[in-house]
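Chain by chain, the residues run as shown.
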Amino acid sequence: MSASDAAPESSKVATDANARKDRTLAEFLLMLDDFKPLIPSEVTDYYLQRVGFDCEDERLKRLLALAAQKFVSDIAADAYSHARIRSGGARNKAGGAAAKIKTVLTMDDLTAALGEYGVNAKKPEYYL
């Protein structure tokens, strides 16, 4: 097999991969037609208008709402894990696994989770 035979074969593989990606994207966009995000479309429209984004495609707006929903969900999950880690010491002192303590999310947990995503949510010193 020569190098000239390998070139058409690799371009065919690349073409097949691109076609598969296009089909997947088309299927995903069709799924967005029926998707109703948790963030209301009015809220999404408001913030898109505030930043100067003008688009009439509802699927794109739903995609942005889905991305925002995922972002908020990830932050909430990380804040919850920070709270669980923080309260883990108190749980062991209270009697181990037998004692059940509610996990309470605090601003410190949220600040730590937001910090992982590059968002600074700390209050200035004069508010403390």
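Procedures and definitions
Note that residues are indexed from 1 along each chain, following the sequence as it is written. Reporting in this predicted model follows two pLDDT cut-offs: at least 70 for local features of residues, and 80 or more for side-chain atom pairs to be given and counted; totals over whole chains, interfaces and linings ignore these cut-offs and use all residues. Note that water and hydrogens are dropped before the side-chain values are worked out from all heavy atoms of the structure. For each residue, the accessible area found with a 1.4 Å probe, counting protein chains only, is set against the maximum for its type, and the residue is called buried under 20%, exposed over 50%, and partly exposed in between. Going along the chain from the N terminus, every DSSP run of H or I of four or more residues is numbered as a helix, and every run of E of two or more is numbered as a strand. One number per residue, pLDDT, summarises how confident the predictor is, and it ranges from 0 to 100. For this analysis, a polar contact is any N or O atom pair within 3.5 Å, provided that within protein one partner can donate a hydrogen and the other can accept it, and provided that sequence-adjacent residues contribute only side-chain to side-chain pairs. The working definition used for a salt bridge is a side-chain nitrogen of Lys or Arg within 4 Å of a carboxyl oxygen of Asp or Glu.

With that out of the way, let us pick up helix α4 (residues 107–116). Given 3.6 residues per helical turn, the α-helix brings residues three or four places apart onto the same face. Among the residues of α4, D109, T111, A113 and L114 are the ones counted as buried. Just past α4, the residue G118 takes up positive phi, approximately 85 degrees.

For residues with low pLDDT, the predicted coordinates do not support detailed interpretation. With 82% of its residues at a pLDDT of at least 70, the protein reaches an overall mean of 82. Averaged pLDDT values for the elements of the protein fall to 74 in helix α1 (residues 3–34) and rise to 94 in helix α2 (residues 41–50).

With that out of the way, let us pick up the side chain of K61. The residue K61 is located in helix α3 (residues 58–93) in this model. Within the structure, K61 has its side chain in polar contact with the side chain of D45 (distance 3.3 Å).

Applying the stated rule across the entire model yields five salt bridges. Among the salt bridges present, the one from R86 reaches D109, with a minimum N-O distance of 2.8 Å. You can see R86 sitting in helix α3 and its partner D109 sitting in helix α4, a full 23 residues away along the chain. Judged by relative accessible area, R86 falls into the partly exposed class, the value being 44%.

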